[in-house]
Amino acid sequence: MAHQNDEKLKPGTWKEMGLTDEEFQKIVDILGREPNFVELGIFSVMWSEHCSYKTSRPVLNLFPTEGEHILQGPGENAGIVDIGDGQAVAFKMESHNHPSAIEPYQGAATGVGGILRDVFTMGARPIAVLNSLRFGSLESARTRYLFGGVVSGISGYGNCIGVPTVGGEVFFAPSYEENPLVNAMCVGLIDHQDIKKGVASGVGNPVMVVGARTGRDGIHGATFASEELSEESADKRPAVQVGDPFMEKLLLEACLEVIKSGCVVGIQDMGAAGLTSSSCEMASRAGTGIEMDLALVPRREKGMTPYELMLSESQERMLVVVKEGTEDTVKEIFTKWDLEAVVVGQVTDDGMLRLTEGEQVVAEMPAQALTDEAPVYQRPYSEPEYLSEARELSLVNVPQPDDNEKVLMDLLAAPNIASKEWVYRQYDHMVGTNTVVRPGSDGSVLRVKGTKKGIALSTDCNARYCYLNPYEGGKIAVAEAARNLVCSGAKPLAITNCLNFGNPEKPGVMWQFRQAVQGMSEACRQLNTPVTGGNVSFYNETRGTAVYPTPTVGMVGLIEDLDKRCTQDFKDAGDIILMVGETKVELGGSEYLSVVHGMEAKGTPPELDLELEQQVQQSVLEAIQKGLVKSAHDCSEGGLAVALAECCISGGIGAEIYSIESIRGDALLFSESQSRIAITTSENNVAELINYLTAAGVPFTRLGTVGGSNLKISLLDAGCATGRPRTVINLPVSEMENRWREAIACLMK
Amino acid sequence: MKFGVVVFPGSNCDADCFHAVQAATNEPVEYIWHKTDNLEGFDCIILPGGFSYGDYLRVGAIARFSPVMDAVINFAKGGGLVLGICNGFQVLLEAGLLPGAMRRNDNLQFICEDTFLKVENNGTPFTALCQENQVLKVPVAHGDGNYYCGEETLKELQQNNQVVFRYSDSTGEVTPKTNPNGSIDSIAGICNKEGNVLGMMPHPERCAEELLGNADGEIMFKSILATWQRRVR
């Protein structure tokens, strides 16, 4: 066979592809010769940060990944967790930050498309999508453009393919002005026996390319994702792929049908680094080799080179290894769905990824070298300099507001707290007819048809906390996601994550990353929610400034009996309101400081006592399961006052609250202390609930009563609890609702 | 009674319709592949929501040419019951089984939310069990639900009592504010002159079970069954 190696590489070619001199030398050592242009391209994408995790891998090893209910941990296309009765949930989260910064509609749309494929490639039918989004301030025209584009991209793709977008989060802070974050999570349902993996086993088995044809879009997308955004980034728009949700819908149905047919040995999505990553990863996992004739790959245009075919990130394609002799059955199924399925090669026993064009070998390299022998970097880390100044906060200099009503109204209208209806109204969140709790609640809940079970989902990360203390912030991201699920009556099972950070070659960013992962790991251990996979997105910077460290958590929980689900809305007049947990003077990094005092991400963020957190979650969940709780809502951004306002708004009913002013009033109302859940119970059950919580040993306070049309909060002097209560807030629920509901729509007009 | 749910490439509410029909009527229901041209044995055909053929051209414009549509047209002409929901309604317009056309929502965004529908005609097979002027809470989910027709056609629709649903508030009052997408005359659903073909943008199959927080849509599937039973007897 003739190697197409006549063209000598120009010095520096590897640098243009993002490889260092040392990395290039390592490739030469592995091959025993200089790579040709195609091989170099393949190495460069596989060894890019995005595909190889060369910086993050040593740190990610800290994550707990095992548990009795974990059927598939990290390393596959998606994680899988058992939900009983032979059923399981496959889920995964991924970033599409850089493409969305350049081309918001397609960037976000293909982010959704990619994460859907990760789930259905496992054999699971996607039942829900969630999104975690970060943008700059809505005051800026550019942010409004990006925000609007991302939302319609998600809507355009998800609505068309018919998977409901049921929840997520949107957060605005100046830190994300030039580098928005777009993280998409997909959740699928699967029977244990249908689980498929990305393995190319069985020497001689045919390798098929199915789905869309390969075009010239998205070439070097993975490399683009592994560098900082710059003025020139807009020129890389061709590295952004274009999505076709209709094609993906056909691919989804065809893949699930072909998996059911029993013909499939292994299957993998062609995501980042397309045909390259799917082929070498499948071979590497199985310890085999793959040989492909690129001349057979269906393409959109003539004259595409092997380099382009291997590096294209054209969407809606899969690589499938099928049992020998079943090719025709597979083709028939794809033809039924008007899709192509073409045999392009076969599994071999020599461990090589060998690419030919007809008779001519155009590239040949060990598959495992591309995946397992990628360089690993122990990058230096040190506490960043900004921290000491950012954490400095003397509350003595923060005046307490005279008008708490105005503060509450301003917080309700702040984009980070205001209703996200403008967003989720554009998402089809009901298709599939499983959505029991719609977006806008703590966690979204889907039923599992044919059972009494429900799946609860949430995404979470307060990046301000992570900026001020990535360790605590990482813990809180996990704990809050779990708390959200508990509020819906679900037992948290496992997480996926999307770790969005700046340039890891900077010791300060690397320090943030390590601290956050350590914090998350600790929380995952304590709450028994192992990590089943995820995604790392570095280089989220613009002009040398990193975004807030944003380790987003996506969590899955199980409700055994949907009759015992819980929602946040206040239900009936006369119900008693309790708060489980304790409020402390923890205003650092709060929404209150940012909105009211113009202090964005200042001070020390709230602390999280993991044992207390677990106790609070455990006892509230049990109380819900015992039927003692009529509503439950997590206290988070905006503190107790905002949490109560949200309970009132969603329930369309008021409440009367009395609280002892044991700490400064603004902290009592707006502090973001962790491990707090506001719950209600009927008057008949209040004694039993109080007894139960007392026996469980969790701190709680009785706050007041549901009723009326206003939220009325009165404070009692701590020194003389018998004195006259001072009413600090007395607002009609309808007035609060209008401000809260209209705020984002008004800004987007 | 046997229901059929047509599956076009890109249909995505087919399984939801299938499930809702079963849950609401407990009658047999089958999927009908778009390449089928024989509808023998079916008593009611549902064209479900979704994005048939991606709807990259005018919505419903390509699905109308599926082999199954000739059969659906014949089925309708023979008096068979045909219900088009959302994309199904759009396909019925393109196929000429119902008059008018669909435009983008007037705010140019996809809209997914609950709407209230005033039942303007409870004499159709699809609304037979509804009270006069009953209000149903039914969600919409569409980007192109802005129904339009010429003045003449609108007059005809009104005179023949073909406007079956209008977007209203929870008390049945129809105002510009209750119209989510800019549809002419707040039209949410219309039927043909004979009353056996109904197209509607809202999704009754999404609200046919209490577990989903709303079972108002159930009455439509039960109405279809009741009509059929009356006919057979």
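See the structure shown above.
The structure contained in this document is the topic of the report that follows. (Residues numbered from 1 in each chain as written. Chains lettered and ligands numbered in written order. Predicted model: local features only at pLDDT ≥ 70, side-chain atom pairs only at ≥ 80, totals over all residues.)

**Considerations on the overall build of chain A**
Then comes step 1: Of the regular secondary structure elements, chain A holds 26 helices and 28 strands.
Then comes step 2: Radius of gyration (C-alpha) of chain A: 26 Å, near the 27 Å computed for a compact globule of 749 residues.
Then comes step 3: Referenced to the eigenvectors of the C-alpha coordinate spread, the extents of chain A come out at roughly 95 × 55 × 45 Å.
Then comes step 4: Considering chain A as a whole, with its 749 residues, one finds that 62% of them fall into the buried category.
Then comes step 5: At a minimum sequence separation of 6, the contacts of chain A that also span at least 24 residues come to 84%. (Helix = DSSP H or I, 4+ residues; strand = E, 2+ residues; numbered from the N terminus. Rg over C-alpha atoms; globule rule 2.2 N^0.38 Å. Buried ≥ 20, exposed ≤ 12 C-beta atoms within 10 Å, placed from the backbone. Contact = placed C-beta atoms within 7 Å.)

**Some words on the interface of chain A and chain B**
Then comes step 1: At the interface, 22 residues of chain A touch 22 residues of chain B.
Then comes step 2: Taken together, the elements giving at least two residues each to the side of chain A that touches chain B come down to helix H8 (141-161) and helix H10 (245-260) of chain A.
Then comes step 3: In terms of residue count, the dominant contributor to the side of chain A that touches chain B is H8(A) (four residues).
Then comes step 4: Among the residues making up the side of chain A that touches chain B, the classes are represented as 10 nonpolar, seven polar and five charged. (Nonpolar A, V, L, I, M, F, W, Y, C, P; charged D, E, K, R; others polar.)

**Some points on helix H19 (residues 470-487) of chain A**
Residues and elements named next belong to chain A.
Then comes step 1: Under the 1.5 Å per step criterion, the end-to-end length of H19 is 25 Å for 18 residues, consistent within 8% with the ideal 26 Å.
Then comes step 2: Where burial is concerned, most of H19 is hidden: 17 out of the 18 residues are buried.
Then comes step 3: Residue Gly489 follows H19 closely and has a positive phi angle near 90°. (Expected span 1.5 Å × (residues − 1).)

**A look at the environment of A:Ser419**
All names here are of chain A.
Then comes step 1: Its place among the elements puts Ser419 in the loop between helix H16 (404-413) and helix H17 (421-424).
Then comes step 2: The spacing of Ser419 and Glu364 is 55 residues in sequence and 54 Å in space, taken between C-alpha atoms.
Then comes step 3: In this structure, Ser419 is in contact with Gly440, Trp740, Arg741 and Ile744, ignoring residues within four places of it in sequence.

**Focus on helix H1 (residues 14-25) of chain B**
Every α-helix winds through 3.6 residues per turn, so residues three or four apart in the chain are directed the same way.
All names here are of chain B.
Then comes step 1: Here H1 contains 12 residues, and its C-alpha end-to-end distance of 16 Å stays within 8% of the 16 Å for a straight helix at 1.5 Å per residue.
Then comes step 2: Within H1, burial applies to Asp14, Ala15, Asp16, Cys17, Phe18, His19, Ala20, Val21, Ala24 and Thr25.
Then comes step 3: Each element contacted by the buried residues of H1 is listed here: strand S1 (3-7), strand S2 (29-33), strand S3 (44-47) and helix H5 (218-232).
Then comes step 4: Looking one or two residues past H1, Asn26 carries a phi angle of roughly 60°, positive in sign.

**Some thoughts on the packing of H16(A) against helix H26 (residues 733-748) of chain A**
All names here are of chain A.
Then comes step 1: In contact at an axis separation of 7 Å, H16 and H26 are set at 30° when each is read in the N-to-C sense. Put simply, H16 runs roughly parallel to H26. Facing Met409, Leu412 and Ala413 of H16, the residues of H26 in contact are Met736, Arg739, Trp740 and Ala743.
Then comes step 2: Split into classes, the residues belonging to the contact of H16 with H26 amount to six nonpolar, no polar and one charged. (Axes fitted to C-alpha atoms, helices over the stretch in contact; angles between N-to-C directions. Parallel < 35°, antiparallel > 145°, perpendicular 65-115°, else oblique.)

**Some thoughts on the sheet that holds strand S27 (residues 710-717) of chain A**
All names here are of chain A.
Then comes step 1: In spatial order, the strands read S23-S25-S22-S26-S24-S27-S28; together these seven strands make up an open sheet with mixed pairing. Each having just a single partner strand, strand S23 (631-634) and strand S28 (726-732) make up the two edges of the open sheet. Neighbour-to-neighbour, the strand axes of the sheet open up by a mean angle of 20°, direction not taken into account.
Then comes step 2: Where strand S24 (residues 655-661) meets S27, seven bridges bridge the pair, whose relative direction is parallel. The residue bridging Ser659 from the neighbouring strand is Leu715, located in S27. (Pairing = 2+ DSSP bridges.)

**Brief notes about the environment of A:Pro298**
Residues and elements named next belong to chain A.
Then comes step 1: Within the secondary structure, Pro298 is located in the loop between strand S9 (289-293) and helix H12 (306-311).
Then comes step 2: C-beta crowding within 10 Å serves as the criterion here: with 15 such atoms nearby, Pro298 is assigned to the partly exposed category.
Then comes step 3: On a C-alpha basis, the gap between Pro298 and Asp403 in space is 67 Å, while along the polypeptide they are 105 residues apart.

**With respect to the pairing of strand S10 (residues 187-191) of chain B**
Residues and elements named next belong to chain B.
Then comes step 1: Within S10, five of the five residues are buried, which leaves the element mostly enclosed by the surrounding structure.
Then comes step 2: The sheet contact formed by strand S9 (residues 163-168) and S10 spans three bridges and is antiparallel. Residue pairing for S10: Phe165 is matched across the bridge by Gly189.
Then comes step 3: Pairing of S10 with strand S11 (residues 197-200) involves three bridges; the strand directions are antiparallel. Across the sheet, the residue bridging to Cys191 is Leu198, located in S11.
Then comes step 4: Hairpin connection of S10 to S11: five residues between the antiparallel strands, including Gly195 at a positive phi of 85°.

**Observations regarding the environment of A:Tyr465**
Residue and element names in this part refer to chain A.
Then comes step 1: Looking at the secondary structure, you find Tyr465 in helix H18 (residues 463-468).
Then comes step 2: Judged by C-beta crowding, with 30 C-beta atoms within 10 Å, Tyr465 ranks as buried.
Then comes step 3: Tyr465 sits 140 residues away from Pro605 along the chain, and the two C-alpha atoms are 5.3 Å apart.
Then comes step 4: Residue contacts for Tyr465: discarding those within four places in its chain leaves Glu472, Gly473, Ile476, Gly589 and Pro605.

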